[in-house]
Amino acid sequence: MAREIPIKFVVNGREYEMAVSPNVTLVDFIRNELGLTGSKKGCGQGECGSCTVLMDGEAVNACLILAPQIHGKSVTTIEGLANRDEEHPLQTSFVEHSASQCGFCTPGMILSAKALLNTTTEPNELEVRRAISGNLCRCSGYKKITEAILAAAAQEQR
C-alpha cells in the first residue's frame, strides 16, 4: 500500500490540508473525498473532457492529474463557478440557449469556456470551438453550445 502524501490546496475557494494517495486521480479525489460530483468520470484517458476542472484558471482533464499534483494550487469545479445566490453567466446562457441535452458534458464544456473567457474577453466562434475541442458531446452538433458561450461572453462585456 502506497504511503499517503500531505498536500495543501484550494478547491472552490476553500483551503484544505490533507493526505492523499499518490496514485488517485484528481477526478476520483474530488468526487470521492470532497463529495463534488459535478465533474464526470468519462473515458479516464483525457479524451472526452467530461472531467474538466480549472487548475489555477486553466482547463485540465482531472482524469490525467494525480491528486498530489494540486499541492499549492487552486482548483475550481462546476460547483464553485457560481456565486452563492446566482449562477455564473455561462451556466445561465447554457440554460437559455438549450445547450444541455443529457448534461453529462455540460460541466466540462462550461469550465473549458470559462478558461477561454479568463484570457479572451471577446472570443469569436473559431476560438470558442477550439476551446471546447477537447470536450465531446454525444447529443448535439455543438451549435447551441457555441452560441451559449458567445452569448455569455457578450453578456460579460456589458
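Numbers given to residues run from 1 along each chain, matching the order in which its sequence is written. For this predicted model, a pLDDT threshold of at least 70 governs which residues receive local features, and a threshold of 80 or more governs which side-chain atom pairs are given and counted, while totals over whole chains, interfaces and linings are taken from all residues. In computing side-chain properties, one takes all heavy atoms of the structure into account and sets aside hydrogens as well as water.

1. Looking at the overall build of the chain
Next, step 1: Runs of E in the DSSP output that reach at least two residues are strands. Runs of H or I that reach at least four are helices, and both are numbered from the N terminus. Counting its regular elements, the chain contains 5 helices and 5 strands.
Next, step 2: Ordered by position in the sequence, the α and β elements of the chain form the string β-β-α-β-β-β-α-α-α-α.
Next, step 3: A compact globule built from 158 residues should have a C-alpha radius of gyration of about 15 Å, and the chain, at 16 Å, falls within 12% of that.
Next, step 4: Burial analysis of the chain (158 residues in total) assigns 41% to the buried set.
Next, step 5: Residue pairs at least 24 apart in sequence account for 55% of intrachain contacts in the chain once pairs closer than 6 positions are excluded.
Next, step 6: When the accessible surface of the chain is split by element, carbon and sulfur atoms take 46% of a total near 8,600 Å².
Next, step 7: Side chains of the chain give 15 positive and 18 negative charges; the mean places of these two sets differ by 4 Å. Every radius of gyration here is taken over C-alpha atoms, with the globule rule written as 2.2 Å times N^0.38, N being the number of residues. Summary of the burial criterion: residues with accessible area below 20% of their type's maximum are buried, those above 50% are exposed, and those between are partly exposed, where the area comes from a 1.4 Å probe applied to protein chains only. Two residues form a contact once any of their heavy atoms are found within 4.5 Å. Under the convention used here, a 1.4 Å probe and the Shrake-Rupley method define accessible areas, while residue burial counts only the protein chains that appear. For the charge count, each Lys or Arg is scored as positive and each Asp or Glu as negative, with His and the chain ends excluded. Just so you know, the charge point we use is NZ for Lys, CZ for Arg, CG for Asp and CD for Glu.

2. Observations regarding the nonpolar core
Next, step 1: Put simply, buried Ala, Val, Leu, Ile, Met, Phe, Trp, Tyr and Cys residues joined by side-chain atoms within 4.5 Å make one nonpolar core. Counting residues in hydrophobic clusters, the biggest one holds 22 residues, and the most contacted among them are Leu90, Phe94, Met109, Ile110, Ile145 and Ile149.
Next, step 2: When contributions to this core are tallied by element, the ones reaching two or more residues are α2 (89–96), α3 (106–119) and α5 (143–157).
Next, step 3: Broken down by element, the residue count for this core peaks at 7 residues, all from α3.
Next, step 4: Non-local contacts of isoleucine 110, meaning those with residues more than four positions away in its chain, are made with Ile78, Leu81, Leu90, Gln91 and Phe94.
Next, step 5: Core analysis: the next-biggest nonpolar cluster, separate from the first, contains 21 residues, Phe9, Tyr16, Leu26 and Val60 among them.

3. Points about the packing of α2 against α3
Next, step 1: Where α2 meets α3, the closest approach of the two axes is 10 Å, and the angle between their N-to-C directions is 130°. Relative to α3, the element α2 is oriented oblique. Crossing of α2 against α3: the hand is right-handed. Facing α2, whose interface residues are Leu90, Gln91 and Phe94, α3 presents Thr106, Met109, Ile110, Ala113, Lys114 and Leu117.
Next, step 2: Of the residues that constitute the contact of α2 with α3, the class distribution is 6 nonpolar, 2 polar and 1 charged. Axis angles are defined between N-to-C directions and span 0 to 180 degrees, where every axis is a line fitted to C-alpha atoms and, for a helix, only to the segment in contact. Roughly parallel means an angle under 35 degrees; roughly antiparallel, over 145; roughly perpendicular, 65 to 115; everything else is oblique. Helix crossings are classified by the rotation of the near helix relative to the far one: an anticlockwise turn of less than a right angle makes the crossing left-handed, while a clockwise turn makes it right-handed. Gly is placed with the polar residues, together with every amino acid not listed as nonpolar (Ala, Val, Leu, Ile, Met, Phe, Trp, Tyr, Cys and Pro) or charged (Asp, Glu, Lys and Arg).

4. Digging into the packing of α2 against α5
If you want to describe how two helices pack, look at the angle between their axes and the distance between the axes.
Next, step 1: Following both chains from N to C, one finds α2 and α5 inclined at 135°, their axes separated by 8 Å at the closest point. Considered as vectors, α2 and α5 are oriented oblique to each other. The chirality of how α2 crosses α5 is right-handed. Of the residues in α5, those in contact with Pro89, Leu90, Ser93 and Phe94 of α2 are Ile145, Ala148, Ile149, Ala151, Ala152 and Glu156.
Next, step 2: Here the residues of the contact of α2 with α5 are counted per class, giving 8 nonpolar, 1 polar and 1 charged.

5. Some points on unusual backbone geometry
Next, step 1: Despite not being glycine, asparagine 12 has its phi angle at roughly 55°, a positive value.
Next, step 2: Position of asparagine 12 among the secondary structure elements: in the loop between β1 (5–11) and β2 (14–20).
Next, step 3: One non-glycine residue with positive phi stands out, namely serine 98, at about 50°.
Next, step 4: By the element assignment, serine 98 lies in the loop between α2 and α3.

6. Some thoughts on α5
Next, step 1: Under the 1.5 Å per step criterion, the end-to-end length of α5 is 21 Å for 15 residues, consistent within 8% with the ideal 21 Å.
Next, step 2: Of the residues making up α5, those classed as buried are Ile145, Thr146, Ala148, Ile149, Ala152 and Ala153. The buried residues of α5 occupy an angular sector of 160° when the element is viewed end-on, so they sit on one face.
Next, step 3: Lining the buried residues of α5 we find α2, α3 and α4 (125–131). Residue count minus one, scaled by 1.5 Å, sets the expected span of a helix. Of all possible arcs, the one meant is that of the directions from the helix axis to the C-beta atoms.

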